[in-house]
Amino acid sequence: MNEMVTIPREEYDRLRAAAEDLADLQNYGRAKGALAEGADELIPADYANRLLDGENPLRVYRDLRGLTQAMLAEKAGVNRVTVAEIETGRKQGSVASLRALAGALDVTLDDLTE
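Residues numbered from 1 in each chain as written. Predicted model: local features only at pLDDT ≥ 70, side-chain atom pairs only at ≥ 80, totals over all residues. Heavy atoms only, no water.

**Focus on the overall build of the protein chain**
How we decide: Numbering of helices and strands runs from the N terminus; a helix is a DSSP stretch of H or I covering at least four residues, while a strand is a stretch of E covering at least two. Restricting the calculation to C-alpha atoms gives the radius of gyration, and the globule rule supplies 2.2 Å times the number of residues raised to the power 0.38. Relative accessibility thresholds used throughout: buried, under 20% of the residue-type maximum; exposed, over 50%; partly exposed, between the two (1.4 Å probe, protein chains only). Residue exposure ignores everything except the shown protein chains as possible cover, and the areas themselves are Shrake-Rupley values with a 1.4 Å probe. The charge count includes Lys and Arg as positive and Asp and Glu as negative, but it does not include His or the ends of the chains. By convention, charge coordinates are those of NZ in Lys, CZ in Arg, CG in Asp, or CD in Glu.
For the protein chain, the helix and strand inventory stands at seven helices and zero strands. Taken from N to C terminus, the helices and strands of the protein chain fall in the order α-α-α-α-α-α-α. Rg of the C-alpha trace for the protein chain: 22 Å, well past the compact-globule value of 13 Å for 114 residues, more than 25% over. Principal-axis analysis of the C-alpha atoms places the extent of the protein chain at approximately 65 × 30 × 30 Å. Counting all 114 residues of the protein chain, 23% fall into the buried class. Surface accessibility of the protein chain: about 8400 Å² in total, with carbon and sulfur atoms responsible for 51%. Both charge centroids of the protein chain, one from 14 positive and one from 21 negative side chains, sit 7 Å from each other.

Next comes the structure, spelled out in structure tokens:
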């Protein structure tokens, strides 16, 4: 049989807000830990804004890393034209190409495809 507890709405709202605050603190702690371990990085606001504005992620991350299309292509082992076509939206790129580019940029595949 289920046990039930009845509490005033004000107490329920207070407990719910406290639970949300705790979840925020836990997420903050995980994020700080990931940064300290080098598992995550901070992206400067101007690059983050470019991503939020819908600019091609491959171009943004390439610029962030200070690479030319040719340098990225060589590092990833793909053709420079492939990089250019993905950045301009003419082609989506194969999974293998995107995976290689993500590895060369030290980002996840999701970072380039979302």
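**Things to note about helix 6 (residues 95–105)**
What counts, and what does not: Directions from the helix axis toward the C-beta atoms define the arc. What makes two residues a contact is simply this: any of their non-hydrogen atoms within 4.5 Å.
Regarding helix 6, the residues found buried are Ser97, Leu98, Leu101, Ala102, Ala104 and Leu105. In a view along the axis of helix 6, the buried residues occupy a sector of 160°, so they form one face of it. For helix 6, the exposed residues set more than 90 degrees away from the buried face come down to Ala96, Arg99 and Gly103. On its buried side, helix 6 packs onto helix 3 (57–64), helix 4 (69–76), helix 5 (80–88) and helix 7 (109–113). Two residues or fewer past helix 6, aspartate 106 is found with a positive phi of approximately 60°.

**Concerning the nonpolar core**
Definition in use: Working definition of a nonpolar core: buried Ala, Val, Leu, Ile, Met, Phe, Trp, Tyr and Cys residues. They are joined through side-chain atoms within 4.5 Å.
Leu58, Leu72, Val83, Leu101, Leu105 and Leu112 are the most contacted members of the largest nonpolar core, which has 16 residues in total. When residues in this core are grouped by element, the largest group, five residues, is from helix 6. Aside from chain neighbours lying at most four places away, what touches leucine 101 is Leu58, Leu72, Ala76, Val78, Val83, Ile86 and Leu112.

Purely geometric stuff here, so don't read any function into it on its own.
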